[in-house]
Amino acid sequence: MPNNKQKRFQLLQGNEACVEGAIAAGMRFYSGYPITPSTEIAERSALRLPQVGGKFVQMEDEIAGIAAALGASVAGTKSMTATSGPGFSLKQENIGYATIAEIPIVIVDVMRSGPSTGLPTSPSQGDVMQAKWGTHGDHPVIAICPSSVQDTYNQTVRAFNLSERFRTPVILLMDEIVGHMREGCELIPTEELEIHNRNTNMINSMPYAFGEGQYVPHMTSFGDGHLYNITGLFHDEAGFPTNDNEIAGEENSRIMEKIKVYKYSGILEYEEQQMEDADIGIVCYGGTTRAVEGAIEKARDMGYNVGMFRPITLWPFPEHELIERAKQLKRLIVVEHNYGQVLLTVQGIIKGDTKVEFIGKVNGTTITPDEIVRNIEEGEE
């Protein structure tokens, strides 16, 4: 029989660690449609959820997959769905619905090469801007990018906490590299984790009422005795549609501001490595991180002062933190597996104060440490 230490430390894929983190955070409902390279999330959820009293449902398509998870969340159960590529496109309308109806849900997107069917088993980070702007209208976004198997476990827990705290969908933006990477992972038990649950004490029995100075309404479970409505239309405190322009404007502003106001209350997270003396900085995220770490080690052995800035919360982006760090740099290299999506954000933030360069790939192969080192050398010639 395995001992407790063996149970706590397991060799897992990133996709498997995602499920374990979700269960530790309290997920008890998963609905979705299998799609490469996220399929292992559905498979492990189907195995593990019945073991902890949860429910797994394979739906007929991607739209139904997120719709069922939203229904379970409204009924009071922490819920998740997962997808990739074209499946993420199909979920966008219901992500917007979750945003305006303020329904907590975690959506996992294991990014793959595209567009369309693309290269289903190859790595990519091409959904970065879709995660921010994919659903229509002005809406808040929290998107988190883990870079390892252990990070996936930890960040999945954090994704559920943020979703429940702020009544908002949270996107766990993984990629094929992280999803299929296999590493040792510590399965930290729930009792050792900080777990946030939604506040169910509604004000005046109204699901969208909130006190002065507050931005997040309390949320009781649908069917617990409170009569209220849920809609994708702008609505009043009881959830019923309204054409009142003042109410609509205030509501849209509030759901945007609740992320902005609490940005530094657990939403924003980033990592720096060897940036203290760096004059060359590398911006990376997700599965690209491992190549960057290898490149930094090689470059420093060659005498170059190189460091790494990794947004863990990709949206909202750590703008101020990057601006401050860039003041010491002569070069800032953005490394990502796409045609330059975070590059555009970095260029807009830095505004020419530091030279911004780019290393990217869109052919389904991975960026290597040697390619990054070669770019560093060529820029110093």
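Residues numbered from 1 in each chain as written. Predicted model: local features only at pLDDT ≥ 70, side-chain atom pairs only at ≥ 80, totals over all residues. Heavy atoms only, no water.

## Structural notes on the side chain of Ser124
Put simply, the test is: Runs of E in the DSSP output that reach at least two residues are strands. Runs of H or I that reach at least four are helices, and both are numbered from the N terminus. The rule is simple: take the accessible area with a 1.4 Å probe, protein chains only, and divide by the maximum for that residue type; under 20% is buried, over 50% is exposed, in between is partly exposed. Whenever a nitrogen or oxygen atom comes within 3.5 Å of another N or O atom, the pair is scored as a polar contact, on the condition that within protein one atom can donate a hydrogen and the other can accept it, and that pairs from neighbouring residues in sequence are kept only if both atoms are in side chains. Contacts are residue-level and defined by heavy atoms, with any inter-residue pair within 4.5 Å sufficient.
Relative to the assigned elements, Ser124 resides in the loop between β6 (119-123) and α7 (128-133). Accessibility expressed as a relative area gives 9% for Ser124, which makes it buried. Only 3.1 Å separates the side chain of Ser124 from the backbone nitrogen of Gly126, close enough to count as a polar contact. The residues touching Ser124, leaving out its near neighbours within four places in the chain, are Met111, Arg112, Ser113, Asp175 and His337.

## Describing the domain arrangement of the chain
Short version of the rule: Segment limits for the domains were obtained from an automatic or database-derived domain assignment. Every case where a carboxyl oxygen of Asp or Glu lies within 4 Å of a side-chain nitrogen of Lys or Arg is listed as a salt bridge.
By the assigned domains, the chain splits into domain 1 (9-192) and domain 2 (272-380). Using C-alpha coordinates to define each centre, domain 1 is positioned 27 Å away from domain 2. Contacts between the two partners involve 29 residues from domain 1, matched on the other side by 23 residues from domain 2. On the surface where domain 1 and domain 2 come into contact, there are two salt bridges. Here Arg290 and Glu183 are joined by a salt bridge, their closest N and O atoms 2.8 Å apart. Scanning the region where domain 1 abuts domain 2 turns up 17 residue pairs in polar contact (both at pLDDT 80 or more). Among the elements that take part in the side of domain 1 that touches domain 2, α7 stands out by supplying four residues, more than any other.

## A short note on helix α8 (residues 149-166)
What counts, and what does not: Expected helix span is computed as 1.5 Å times (number of residues minus one).
For α8, which comprises 18 residues, the first-to-last C-alpha distance of 26 Å matches the rise-based estimate of 26 Å (1.5 Å per residue) to within 8%. Along α8, 15 of the 18 residues are buried, which leaves the element largely enclosed by surrounding structure. In the segment just after α8, Arg167 is the residue with positive phi, at about 50°.

## Some points on the sheet that holds strand β14 (residues 331-336)
The strands that make up a sheet are held in pairs by hydrogen bonds between backbone atoms, and each pair lies either parallel or antiparallel. Applied cut-off: Only when DSSP finds a minimum of two bridges between them are two strands counted as paired. Note on definitions: angles span 0 to 180 degrees between N-to-C directions of axes, and those axes are lines fitted to C-alpha atoms, for helices only across the stretch in contact.
Strand order in the open sheet formed by five strands is β10-β12-β11-β14-β15, and the pairing between neighbours is mixed. Each having just a single partner strand, β10 (270-273) and β15 (355-360) make up the two edges of the open sheet. Averaged over all pairs of adjacent strands, the angle between their axes in this sheet comes to 20°, without regard to strand direction. Of the pairings in the sheet, the one linking β14 to β15 comprises six bridges and is parallel in character. Across the sheet, residue Leu332 finds its bridge partner in β15, namely Val356. Docked against the sheet, helix α12 (residues 289-301) engages β10, β11 (280-283), β12 (306-311) and β14, running at close to 165° with respect to β12.

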